[in-house]
Structure formats: C-alpha cells, structure tokens
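One letter stands for each residue in the lines below.
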Amino acid sequence: MATDENLELALQILQEDLEELEGRQKGKQRDGEHTDLELSITTMREDILALQTSIRDRVMAVSASAAVISDQHILQSIRRDEAAAEQDRGYARALQNNQRHTPATSNASETLVQEDDFDDSISTVMGDLMDRMTLTSQSDNGEGSSRWISSSQPRMCCISCWEYFDKTDVFTNPCGESLCHECTRQLFLGSIRDEELYPPRCCGRIIPPETALRILDYRELSEFSHRAIEYSAKDRLYCAEPSCSKFIPPAAIRADYGTCPECHRRTHIPCRSLAHPTVDCPLDQPLQDVLALAETENWRRCSNCRTMVELKHGCHHITCRCGREFCYVCGQQWRTCQCPLWQERRLYAIANEAVAGEVAPNANAVVRRNAFNRIVGELERLEDVGCEHHRRSQWRWQEHGDLQCEVCDHFLPEYIFVCRNCRMRACYRCRRHRLR
C-alpha cells in the first residue's frame, strides 16, 4: 500500500495548496459573487475528496481480505484445539470407567487437514492475482487500478451494457474503461465457468483482486477462489470416479494419491485411476481411445493443463486457455522448434477472406492479386510484428463478409472486429475480456 500512501500524501499537499490559493482570492470580489477560479477550486476539492475516499475504500477492502485470511487461521487453530480437547476427554472417561478408548479415525483427521488447506484457497488466489497484476502493471503507462469515479463528474456509461449509472456504481479499470458493478461481477462469475476469462480483465489488463471483495458474496468468492486454484495448477488432477470428475487441488495430494474433496475417493496419480491397492495399474482405455482419435484428427494436447486443442483458424502458434504457448505441429513450447508458422492452405484461405473484406467488390483482378500477395507477406511476417489484441488500435470495424467470432463461434448480426495484423475476427466481448 506504499503507492496509496504516497498518493494520499500528494493529495493532502494539493489540498493545502488549494486552500492557500483560495485564501488569496478572498476580498477581491463582491459578496455573493463567485469567480471562475473559485468554482474551479471547489470542483478540484471535490475531486480530491472523492479520490481520497477511493483510496480509503481500497485500503479497507485489502484489510478486509487480510482479516478474512487471518481469522480463518485463528478458527482453524481453535478447531484443532477443540478436537484435541475432545480426544483428551475421551481418554479420561475411558480411564475412569476402566475401558479401552478408540481414537478418532485417520480419515477424520485427514479431512480436517484437507479442509484447513481448502479454507486457505482465498489467500492463495489473492496472492496469485496480485502477482499477475504486478506483471501487467509494469507496462502501465501511468494508468491506475480500478477506482471510484469522481463525484463531480456526470453519470457514467458502462462500456459493457451501455447503461448509464451514478458515479458510485461504476469502476474505472486499469485500462481506463468504465464498468458497472453488475458487469464487473459477471466478469468474475464468468471466469468461474470459462477458463479463458481468467483472470478477469478488460482490454488485456487484469482487474485488481480487491474488486472481487467489493462485489462478490462469500459463496461466490469461495467458488472463484477454488476455480482459480484449478486454473493455476500444473499437471491438473481430476477425480477418477466417472460420476464425480471434480478437480483435486494440490493440497489434497499425498504421495501418489489425491483425495477428492467432493466424493472423498482416492485417485492414483501415475495411472489416473481410482486407488487400487495391491493391484497393478490398469490401462485407462477411454483415455487411450481419445488419444488415438486425437492422432487421427491431428489434434494437440497442451503439456500444461492436458487439454486437447484443435486448430481451426490461424497459424501454428497456439495459446491455450491456460496461457501456455506451444507449436501445433510438434507440440513443443513456442519458439523452441523450427516448424513453419503457417500451413499453406490456411494461409491462403485467410488471405482470400481478407481480400474479400478489404478490397472493393468491383476491383479488377490485378488489384485483387496485389492485395492478396501483400496480405500473404504480412501474415508470413506476423511473428516478427506480433499482435497486441488488448489494444483498441489493433482492431478495425467490419460490417460485411464473415461476421462469425473465431473465439466463441457466435454470429454477429451487424458487425465484427478484425485484427489488423493476423486478421482474426472477434466479437466485442471476446476482444475486451477474453483475448490476451
């Protein structure tokens, strides 16, 4: 919070300068009259007060997060102490009655340990989001985090739902765009259902994690935290029970076994099957069938999250929904192989689509051929130029031709956004919140 403290100190100094300037103006005009300078000072003072309120709210939100984290550890400690005291009372009663006391089962203690680990998920996710936001803020260009809108400004328009709201019902995100509380909340809830929307972001900039504490209730925050741990895990493990298939977090893994937090069945990590003591690992036939189909259909599997990927559009540079970048030809990490960037058939198909959208329909064959050659050359040099899909200037508006979003496959009735470099087509929502 050092940045907030420095900003608040600067605002305090600015407020003192305004008071000094206002004092110099006293007695220079008739009673009841206000000069333009006085009105400007009043407006600026309101802006300063609003920003100071925003800073205090931010500090309070982060403090609330810290309180939740610290309190849960205290509660966990109390629970452990109560469990130990209950066990001691059991031993005392058994000794008094000359009976043998049966201690609590190991499963119960394991469950308590797992619950303790699961309860710590909120603090883990908050730390992960803060780390991610720190990385993106290194190219901040002076833009700040989500903040309240100044009370001196008019009603603000949400760039997602295009409704107008009071200043206190709107956030300004690090990219400078405004989102209402409900649309911001839907971004966080959407990331629970769709990994490509995690972490919640606008124009490629991550929304600060303390925003979640303002707009999500405890149940939603818990779901978001557990899902975020799944998205951040490497070599993810899922319950081998077909009727469950829930994610098994790293905290529930002991040695070669993971215990499902939902059905409490154990999964053997080497073979990804249900625990099978004293029996050799069985062959996962359904998985082998899927891998055989993937080989036939020329699909690739992400080495990080193990998700199967099918290339429909674009070049061989794949960015998985988990964020891992790899080559679609060989499956290796991107920029570690010598595979070609494009398959010729896909390259020419994209170039022809671009010609249809960028060249007038009545243009002659020479103009169309020159445009085709130019676009092919640009696409072949794409990896040298690169795409920054989170930038507004990267996109152009197209009202004709193919209006299907290549990211979510939705058809747009009136327009589509087209990347100026790679010619990807994307809808408004995917352009702002899904592409990295």
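Our subject is the structure that appears above.
Calculation notes
Residues numbered from 1 in each chain as written. Predicted model: local features only at pLDDT ≥ 70, side-chain atom pairs only at ≥ 80, totals over all residues. Heavy atoms only, no water. Pairing = 2+ DSSP bridges. Helix = DSSP H or I, 4+ residues; strand = E, 2+ residues; numbered from the N terminus. Expected span 1.5 Å × (residues − 1). Buried < 20%, exposed > 50% of the residue type's maximum accessible area, 1.4 Å probe, protein only. Phe/Tyr/Trp six-rings, centres within 6.5 Å; stacked < 30°, edge-to-face > 60°. Lys NZ or Arg CZ within 6 Å of the ring centre and 35° of its normal. Axes fitted to C-alpha atoms, helices over the stretch in contact; angles between N-to-C directions. Parallel < 35°, antiparallel > 145°, perpendicular 65-115°, else oblique. Left-handed = near helix turned anticlockwise from the far one by under 90°. Contact = heavy atoms within 4.5 Å. Polar contact = N/O pair within 3.5 Å; in protein donor to acceptor, adjacent residues only side chain to side chain. Salt bridge = Lys/Arg side-chain N within 4 Å of Asp/Glu carboxyl O.

Colleague: What exactly am I supposed to notice about the sheet that holds strand E19 (residues 416-419) here?
Modeller: Strand pairing in a sheet relies on backbone hydrogen bonds. The paired strands run either parallel or antiparallel. Strand order in the open sheet made by the three strands is E18-E19-E20, with antiparallel pairing throughout. Edge positions in the sheet fall to strand E18 (395-398) and strand E20 (425-426), since each of these pairs with one other strand and no more.

Colleague: Quick question: what am I supposed to make of helix H9 (residues 344-358) here?
Modeller: Because the α-helix completes a turn every 3.6 residues, residues three or four places apart line up on one side. Here H9 is 15 residues long and its end C-alpha atoms lie 21 Å apart, about the 21 Å a rise of 1.5 Å per residue gives. Looking only at H9, the buried set comprises Arg346, Leu347, Ile350, Ala351, Ala354, Val355 and Gly357.

Colleague: I'm lost on the sheet that holds strand E13 (residues 273-274) in this one. Help?
Modeller: An order of E10-E11-E12-E13 is seen for the four strands of this open sheet, with the pairing classed as antiparallel. Both edges of this open sheet fall to strand E10 (253-254) and E13, since each of them pairs with a single strand only. Of the pairings in the sheet, the one linking E10 to strand E11 (residues 257-259) comprises two bridges and is antiparallel in character. Paired with isoleucine 253 across the strands is glycine 258, a residue of E11.

Colleague: Where do I start with the packing of aromatic side chains in this structure?
Modeller: How two aromatic rings sit relative to each other is set out by the distance from centre to centre and by the angle between their planes. Taken as a whole and assessed by the stated rule, the structure comprises 10 aromatic pairs. Each ring, one from phenylalanine 188 and one from phenylalanine 224, has its centre 5.3 Å from the other, and the planes form 65°; the classification is edge-to-face. Of the two residues, phenylalanine 188 is situated in helix H5 (residues 181-193) and phenylalanine 224 in helix H7 (residues 218-232); the sequence distance between them amounts to 36 residues. Note on phenylalanine 224: relative accessible area 1%, which makes it buried. Note on tyrosine 415 and phenylalanine 417: the rings are 5.6 Å apart at their centroids and 85° apart in plane angle, and the pair reads as edge-to-face. On the basis of relative accessible area, phenylalanine 417 is assigned to the buried category, the value being 9%. Among the aromatic residues, ring-to-ring pairing joins Trp162, Trp397, Tyr415, Phe417 and Tyr428 into one connected group. Positioned above the aromatic ring of tyrosine 257, the side-chain terminus of arginine 266 is 4.3 Å from the ring centre. Just above the ring of phenylalanine 417 sits the side chain of arginine 431; from NZ or CZ to the centre is 4.3 Å.

Colleague: I keep staring at the packing of H9 against helix H10 (residues 365-380) and nothing clicks. Help me out?
Modeller: Where H9 meets H10, the axes come as close as 9 Å, and the angle between the chain directions of the two elements is 130°. In this view, H9 runs oblique relative to H10, as classed from their interaxial angle. Of the two elements, H9 crosses H10, and the hand of that crossing is right-handed. Facing H9, whose interface residues are Leu347, Tyr348, Ile350, Ala351, Asn352, Ala354, Val355, Ala356 and Glu358, H10 presents Arg368, Ala371, Phe372, Arg374, Ile375, Val376, Leu379 and Glu380.

Colleague: Help me understand the pairing of E19 in this model?
Modeller: Here is the key point about a regular strand: its side chains alternate between the two faces of the sheet. Where burial is concerned, the two faces of E19 agree: the one with Ile416 and Val418 and the one with Phe417 and Cys419 are both buried. As judged from the four bridges shared by E18 and E19, these two strands associate in the antiparallel manner. Directly across from arginine 396, in E19, lies its bridge partner valine 418. As defined by bridge partners, E19 adjoins E20 across two bridges and the pair is classed as antiparallel. Along E20, the bridge assignment pairs valine 418 with arginine 425. Hairpin connection from E19 to E20: five residues lie between these consecutive antiparallel strands, with arginine 423 at a positive phi of about 65°.

Colleague: I tried to follow the side chain of glutamate 220 on my own but got confused; where do I start?
Modeller: Take glutamate 220: it is sitting in helix H7. Engagement of the side chain of glutamate 220 in a polar contact is seen with the side chain of arginine 185, the distance being 2.5 Å. Here glutamate 220 is in contact with Arg185, Leu189, Ile192 and Ile215, once residues within four sequence places are set aside.

Colleague: Just checking my understanding: could you explain H10 for this structure?
Modeller: Given a rise of 1.5 Å per residue, 16 residues ought to cover 22 Å, and the 22 Å separating the end C-alpha atoms of H10 matches this to within 8%. Here H10 has its buried residues at Ala371, Phe372, Ile375, Val376, Gly377 and Leu379. Capping of H10 at its N-terminal end is provided by asparagine 364; its side-chain oxygen lies 3.1 Å from the backbone amide nitrogen of valine 366.

Colleague: For this particular structure, what's the right way to read the pattern of salt bridges?
Modeller: Pairs can form between side chains of opposite charge whenever their charged atoms are close. Evaluated as defined, the whole model comprises 19 salt bridges. One salt bridge connects aspartate 166 with arginine 155, and the closest N-O pair in it is separated by 2.6 Å. Here arginine 155 lies in the loop between strand E1 (147-148) and strand E2 (156-157) and aspartate 166 lies in the loop between strand E3 (164-165) and strand E4 (170-172), a separation of 11 residues in the sequence. Residue class for aspartate 166 comes out partly exposed when judged on its relative accessible area of 36%. What makes arginine 155 partly exposed here is its relative accessible area of 44%. Note that arginine 425 and aspartate 402 form a salt bridge whose closest N and O atoms lie 2.9 Å from each other. Placement of arginine 425 in strand E20 and of aspartate 402 in the loop between E18 and E19 is noted, with a sequence separation of 23 residues between them. Exposure remark for aspartate 402: the relative accessible area of 32% places this residue in the partly exposed category. A network of salt bridges, in which partner residues are shared, links Glu358, Arg374, Glu378, Arg396 and Arg423.

Honestly, that's just the spatial picture; any functional story needs more than this.
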